[in-house]
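Chain by chain, the residues:
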Amino acid sequence: MLALTVVPAVSEAGLAIVVRGSGTVHPGERVTYRIDFRHAYDPRSMNGIAPGDHVSVTLSPPRCGDFCVVRRLSRDLFVPRSGTIRLRVRFPREYTVCSRVQSGAATACRRLRWERGDRGILNITVHGFSTRCPFGTCRRSGAKGLVVG
């Protein structure tokens, strides 16, 4: 007898935030992404996110050997009742990388320009405080890989 287990895709399992839009970006250009939270809604009583939960949008730079400075691209953004957002941001021209100074705990930081072929990650995280969450705090995320063209 052969048993087959069908596992739903993450976006269908009440976990993922779906991010749609171009994966190729250019420094300084305005980019638009459609963020769909509806797959992350979970009707089960044990977890999920809900309209009104706080959304963080961050950009992780490509060279993270020592320390990266992750740039937040949004403030005061919340999951809407419709379940989708059109996020429009200007892609930054530079990012910051820090390295530990040899003599102590301080860091030395420098700004670097994005170059053709660099890769980054656009991270979308929802920090929900829904009554549907077992410990009071829900966290759901989605990400989109980006390449500088």
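To keep things clear, this report deals only with the structure shown in the data block. Bear in mind the structure is a predicted one, so any value in this text is a computation, not a measurement. Positions within a chain are numbered from 1, following the residues in the order the chain's sequence is written. With the structure being a predicted model, the display of local features is reserved for residues of pLDDT at least 70 and the display and counting of side-chain atom pairs for 80 or more, all residues being used for whole-chain, interface and lining totals. Calculated side-chain values reflect all of the structure's heavy atoms, with hydrogen atoms and water omitted.

### Concerning the packing of aromatic side chains
The description of an aromatic ring pair uses the distance of the two centres, along with the angle that the planes make with each other.
Here is step 1 of the chain: A pair of aromatic rings is counted whenever rings of Phe, Tyr or Trp (Trp by its six-membered ring) have centres within 6.5 Å, and the orientation is called stacked for planes under 30 degrees apart, edge-to-face for over 60 and tilted otherwise. With the rule as written, the count across this model stands at two aromatic pairs.
Here is step 2 of the chain: Geometrically, the ring pair formed by Phe91 and Trp114 is tilted, given 5.0 Å between the ring centres and 55 degrees between the ring planes. With Phe91 in the loop between strand S8 (84-90) and strand S9 (94-100) and Trp114 in the loop between strand S10 (107-113) and strand S11 (119-128), the pair connects residues that are 23 residues apart, well separated along the chain.
Here is step 3 of the chain: Residues Tyr95 and Trp114 carry aromatic rings whose centres are separated by 4.7 Å and whose planes lie at 55 degrees to one another, so their mutual orientation is tilted. Note that Tyr95 is positioned in strand S9 and Trp114 in the loop between S10 and S11, a separation of 19 residues in sequence.
Here is step 4 of the chain: Put simply, the rings of Phe91, Tyr95 and Trp114 pair up and form one aromatic cluster. Elements are defined by DSSP. Helices are runs of H or I of four residues or more, strands are runs of E of two residues or more, and each kind is numbered from the N terminus.

### A closer look at the side chain of Ser60
Here is step 1 of the chain: Topologically, Ser60 is positioned in strand S4 (residues 54-60).
Here is step 2 of the chain: Any two residues having at least one pair of non-hydrogen atoms within 4.5 Å are treated as being in contact. Other than its neighbours up to four places away in sequence, Ser60 contacts Val70, Trp114, Gly120, Ile121 and Asn123.

### Brief notes about the environment of Arg71
Here is step 1 of the chain: Looking at the element boundaries, Arg71 is found in strand S6 (residues 71-72).
Here is step 2 of the chain: C-alpha of Arg71 to C-alpha of Pro92: the two residues are 21 residues apart in sequence and 9.1 Å apart in space.
Here is step 3 of the chain: If near-sequence neighbours (up to four positions away) are discounted, Arg71 is found in contact with Val57, Thr58, Leu59, Pro92 and Glu94.

### Regarding the pattern of salt bridges
Here is step 1 of the chain: Think of a salt bridge as a Lys or Arg side-chain nitrogen and an Asp or Glu carboxyl oxygen that are within 4 Å of each other. Overall, the coordinates contain three salt bridges when judged by the stated rule.
Here is step 2 of the chain: Across the pair Asp36 and Arg20 runs a salt bridge, and its minimum N-O distance is 3.8 Å. On the criterion of sequence distance, the pair formed by Asp36 in strand S3 (residues 30-36) and Arg20 in strand S1 (residues 18-20) is long-range, its members being 16 residues apart.
Here is step 3 of the chain: Linking Glu94 and Arg111 is a salt bridge whose minimum nitrogen-to-oxygen distance equals 2.8 Å. Of this pair, Glu94 sits in strand S9 while Arg111 is found in strand S10, placing the two residues 17 residues apart along the sequence.
Here is step 4 of the chain: Residue Glu94 is classed as partly exposed on the basis of its relative accessible area, which comes to 29%.
Here is step 5 of the chain: In the salt-bridge network here, residues are joined through shared partners; they are Arg20, Asp36 and Arg38. The rule is simple: take the accessible area with a 1.4 Å probe, protein chains only, and divide by the maximum for that residue type; under 20% is buried, over 50% is exposed, in between is partly exposed.

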